[in-house]
Structures are given as C-alpha cells and as structure tokens.
Amino acid sequence: MAKKGLYILLIGILVSGVLLLSGCRRHSHGHKAEFIVDYISETLDLNDSQQAQLNQIKDEVMTKARQMRTDKESMREEFVAQLRSEEIDEVRVKAVIAEHRAQMDEVVDLIVGRLSEFHQTLTPEQKEKLIAKIETFKKWHHRDME
C-alpha cells in the first residue's frame, strides 16, 4: 500500500511540475497586448463602444510595432555591415539611428493621441478607477525604493 501511495505521489509531483513549467513560457507581443486590453476592459467596466475603440488602438499600435520590428532587422544588418567594413561611416550610422528615433516618435505620437481620444470617452467613475489602479501599481513597484 505504501508503495502504491509513493507512486501516486511521484506521479502527482511530475504532473504538477509539468503544469507549473508549462506556464513559464514567453508570451508573444500580441498575447501581451490582448492581456492588457482584457485587463483594462475588466478593470474599468468598458462599454461596447469603448471596448471597440480600445481594440482599434491595440491593432494600430501592433501594426506599427510589427513594421518597426522589420525595420529594426534592417538596421541591425546595417550595423553589422558597418562593423565589417574597414571604417565605420559615422554619418550613415547616425542617419540609421535618426530614422529609428523618428519611428519611435511616430509610435509615441500615435499612442498619446489615441490615449487622449480614449480618455475623453471615459466616465468620471472610470477615470477614478484608472487613477486608483495606477496608484496601486505605484505602491507595488516602488516599495523597494524607499
């Protein structure tokens, strides 16, 4: 009987370990964006119109992010080419960095603009919930700095 109990315990530990480790995988950017949208929707009790607007914002930002990832690969290739050459063309490297910075500025402008539009649709109660959530996050993430 003890031997059978030991086998059951061992199988239980193995199954628990597999389940625990299967949750430790890296999530895609799309999965993270979906999680954030779901979290905001649930926390602020968004109506259908607000939910649709939030999904549209997510789609726009994800499209821009995908474009930036492909551009980032070409930037990386340019840097490798510069490192392989006899002499680094500083002007070209600065131009590539300036391009990337301009793309980042576009994303920031897009996010801030859409956030402003979305903010206008929130009710005073939803704004208070949002502020309370931000204060909670601040307490969680800055408690070790004090």
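The following refers to the structure shown. Not measured: the values here are computed from a predicted model.

Let us look at the nonpolar core. Most often, soluble globular proteins have nonpolar side chains that are buried together. Among the nonpolar cores identified, the biggest contains seven residues, and these are V37, L44, L46, L54, I57, F118 and L122. Those elements that provide at least two residues to this core are α2 (29-44) and α3 (48-84). Excluding residues within four positions of it along the chain, L54 makes contact with V37, I40, S41, L46 and F118.

Okay, the pattern of salt bridges next. Under the criterion given, the structure shown has eight salt bridges. With a shortest N-O distance of 2.9 Å, E60 and R114 are connected by a salt bridge. Here the residue E60 occupies a position in helix α3, and R114 occupies one in helix α4 (residues 90-121), the gap between them amounting to 54 residues. For R114, a relative accessible area of 24% gives the class partly exposed. Here E106 makes a salt bridge to K64, at a shortest N to O gap of 2.7 Å. Of the two residues, E106 sits in helix α4 while K64 sits in helix α3, which places them 42 residues apart along the sequence. Through salt bridges with shared partners, one network takes in E34, K58 and D59.

Moving on, we get to α2. Compared with the 22 Å implied by 1.5 Å per residue over 16 residues, the 22 Å span of α2 between its first and last C-alpha is a close match. Every buried residue of α2 is listed here: A33, V37, S41 and L44. Buried residues in α2, looked at end-on, bunch into an arc of 90 degrees, giving them a common side. Facing away from the buried side of α2 by over 90 degrees, the exposed positions are F35 and E42. Phi for D45, located one or two positions after α2, is positive at around 50 degrees.

What follows is about the side chain of Q53. Examined against the element boundaries, Q53 turns out to sit in helix α3. In contact with Q53, not counting residues within four places along its chain, are E117, F118 and T121.

Turning to the packing of α3 against α4, a few remarks are in order. Packing of α3 against α4 leaves a shortest axis separation of 11 Å and a crossing angle of 175 degrees. The angle between α3 and α4 places the two elements in the roughly antiparallel class. Across the contact of α3 with α4, the residue classes break down as 14 nonpolar, six polar and eight charged.

The contact between α2 and α3 brings their axes to 11 Å, and the two run at 160 degrees. One element, α2, and the other, α3, form an angle in the roughly antiparallel class. Helix-helix and strand crossings are classified by hand; for α2 and α3 the assignment is right-handed. Residues H29, G30, A33, E34, V37, I40 and S41 of α2 pack against Q51, L54, N55, K58, M62 and R69 of α3. A class-by-class count of the residues in the contact of α2 with α3 yields five nonpolar, five polar and three charged.

Reading the values: rules and limits
- Each chain carries its own residue numbering, running from 1 in the written order of its sequence.
- Predicted model: local features are reported for residues with pLDDT of at least 70 only, side-chain atom pairs are reported and counted for 80 or more only, and whole-chain, interface and lining totals are derived from all residues.
- The side-chain figures draw on all heavy atoms in the structure; neither hydrogens nor water molecules are used.
- The set of buried Ala, Val, Leu, Ile, Met, Phe, Trp, Tyr and Cys residues whose side-chain atoms join them within 4.5 Å is what this entry labels a nonpolar core.
- Classification of residues uses two cut-offs on accessible area relative to the type maximum, computed with a 1.4 Å probe and protein chains only: under 20% is buried, over 50% is exposed, and between them is partly exposed.
- Only runs of H or I of at least four residues qualify as helices and only runs of E of at least two qualify as strands under DSSP, and these elements are numbered from the N terminus.
- Note on definitions: a residue-residue contact is assigned when non-hydrogen atoms from the two residues lie within 4.5 Å.
- Here a salt bridge means any side-chain nitrogen of Lys or Arg lying within 4 Å of a carboxyl oxygen belonging to Asp or Glu.
- Given a helix with a known number of residues, its expected span is that number minus one, times 1.5 Å.
- When we speak of the arc, we mean the arc of directions from the helix axis to the C-beta atoms.
- Lines fitted to the C-alpha atoms define the axes, with helices restricted to the stretch that makes contact. Angles between their N-to-C directions range from 0 to 180 degrees.
- An angle below 35 degrees is read as roughly parallel, one above 145 as roughly antiparallel, one from 65 to 115 as roughly perpendicular, and any other as oblique.
- For this classification, the nonpolar set comprises Ala, Val, Leu, Ile, Met, Phe, Trp, Tyr, Cys and Pro, the charged set comprises Asp, Glu, Lys and Arg, and every other residue, Gly included, is treated as polar.
- Throughout, a crossing is termed right-handed when the near helix is turned clockwise from the far one, and left-handed when it is turned anticlockwise from it by less than a right angle.

Geometric descriptors of this kind do not, in isolation, establish any biological role.
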